[in-house]
Amino acid sequence: MSDDCIFCSIVAGDVPSRTVHEGEHTFAFLDVNPLVRGHTLVIPKEHYETVAEMPDDVRDAVFTAAGELTPAVEEAVDADATTIGMNNGAASGQEVPHAHVHVVPRFDDDGVGPLHTLDWPRPDLDDEEFDDVAEAIRDGPQ
Ligand code: 5GP
Ligand code: ZN
C-alpha cells in the first residue's frame with residue numbers, strides 16, 4: 001500500500017468506489033470520470049505502478065479479471081464491443097501511478113475510432129530499423 005495513492009485508498013475502503021469485482025489479487029470499480037457509461041478500471045490490490053512491475057501471478061490475475069469482466073461490462077450497458085488498454089507510465093498519459101486496465105464500452109456508431117487514431121507520429125521504418133527493434137525486444141532489458 002502506498003500512502004498517497006488514491007487507488008490504494010480505494011482498495012483499503014478509505015475512499016468509496018462503485019466496486020464491481022474483488023479477488024485475491026484484484027479489484028475493479030467504475031471510473032469516476034468515465035469516457036462512456038460502464039467505463040471500468042481493473043487493478044492489482046497491491047501497489048505496482050506499471051505492468052512490468054507486477055509479479056507474474058498478479059499480472060495474470062489482473063488480465064484474467066479484465067477478460068472475465070468484459071462480457072459483464074458490455075452486457076450491463078448493451079455495448080457492442082470494448083476498448084481495453086493501459087496508460088503504462090507517465091509518458092503514455094498515466095495519471096494515477098497504480099497500474100490499471102481500462103475496460104471501455106464501445107458502440108457500433110460511437111464514432112470514437114480505434115486506438116490507432118491517437119495522434120501517432122507513424123515513423124517510416126526501413127527493413128534494418130524493423131530488424132533492429134525486433135532484435136532489441138528479443139534480447140530483453142539489459
Ligand atoms: P490514467 O490516465 O491514469 O490511465 O487513468 C486514471 C483514471 O482513474 C481516470 O480515467 C480517472 O477518471 C480515474 N480516477 C481518478 N481518480 C479516481 C477516483 O478517485 N475514483 C475513481 N473511481 N476513478 C478515479
Ligand atoms: Zn496504489
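Residues numbered from 1 in each chain as written. Chains lettered and ligands numbered in written order. Predicted model: local features only at pLDDT ≥ 70, side-chain atom pairs only at ≥ 80, totals over all residues. Heavy atoms only, no water.

Colleague: Would you mind going over the UniProt feature "active site" (unreviewed entry) in the protein chain in detail, with residue names and values included?
Modeller: Under the UniProt annotation, "active site" (unreviewed entry) lies at His100. You can see His100 is positioned in the loop between β4 (81-85) and β5 (101-106). Those residues within four positions of His100 in sequence are excluded, and the remaining contacts are Phe7, Leu41, Val42, Ile43, Gly85, Met86 and Gln94. (UniProt positions renumbered as here; feature names shortened; annotations may be inferred. Helix = DSSP H or I, 4+ residues; strand = E, 2+ residues; numbered from the N terminus. Contact = heavy atoms within 4.5 Å.)

Colleague: Any chance you could break down the packing of aromatic side chains for me, citing the residues and the numbers?
Modeller: One pass over the structure, following the stated rule, counts 2 aromatic pairs. Where Phe7 meets Phe29, the ring centres are 5.2 Å apart and the plane angle is 80°; that geometry is what we call edge-to-face. Pair noted here: Phe7 is in helix α1 (residues 6-12) and Phe29 is in strand β2 (residues 26-30), with a separation of 22 residues, a long-range link. With a relative accessible area of 3%, Phe29 lands in the buried category. (Phe/Tyr/Trp six-rings, centres within 6.5 Å; stacked < 30°, edge-to-face > 60°. Buried < 20%, exposed > 50% of the residue type's maximum accessible area, 1.4 Å probe, protein only.)

Colleague: Can you tell me about the coordination of the zinc ion (ligand 2), naming the residues and giving the values?
Modeller: Looking at the zinc ion (ligand 2), the protein donor atoms are Cys5 (SG), Cys8 (SG), His47 (ND1) and His98 (ND1), and they sit 2.1 to 2.3 Å from it. Its 4 donor atoms give the zinc ion (ligand 2) angles of 106 to 117° at the centre, a pattern that matches the tetrahedral case. Spacing between the donor residues of the zinc ion (ligand 2) along their common chain follows C-x2-C-x38-H-x50-H. Of the two residues, Cys8 sits in helix α1 while His47 sits in the loop between β3 (40-44) and α2 (56-76), which places them 39 residues apart along the sequence. Classification of Cys8 as buried rests on a relative accessible area of 2%. (Donors = N, O, S within 2.8 Å, 3.2 Å for Na, K, Ca; no water. Tetrahedral: all angles 85-135°; square planar, octahedral: opposite > 155°, others 65-115°.)

Colleague: Mind laying out the pattern of salt bridges, listing which residues take part and the relevant values?
Modeller: One pass over the full model with this rule turns up 3 salt bridges. Measuring nitrogen to oxygen at the nearest pair gives 2.8 Å for the salt bridge that ties Lys45 to Glu22. Here Glu22 lies in strand β1 (residues 19-22) and Lys45 lies in the loop between β3 and α2, a separation of 23 residues in the sequence. A salt bridge links Arg59 to Asp56; the shortest N-O distance between them is 2.7 Å. Of this pair, Arg59 and Asp56 both sit in helix α2, separated by 3 residues, roughly a single helical turn. (Salt bridge = Lys/Arg side-chain N within 4 Å of Asp/Glu carboxyl O.)

Colleague: Please give an account of the pairing of β5 that cites residues and values.
Modeller: Counting buried residues along β5, 6 of its 6 residues qualify, which places the element largely inside the surrounding structure. By the alternation rule, side chains of β5 split into Val101, Val103 and Pro105 and His102, Val104 and Arg106, which are all buried. When β3 meets β5, the two strands line up antiparallel, connected through 3 bridges. Bridge pairing in β5 places Val42 opposite Val101. (Pairing = 2+ DSSP bridges.)

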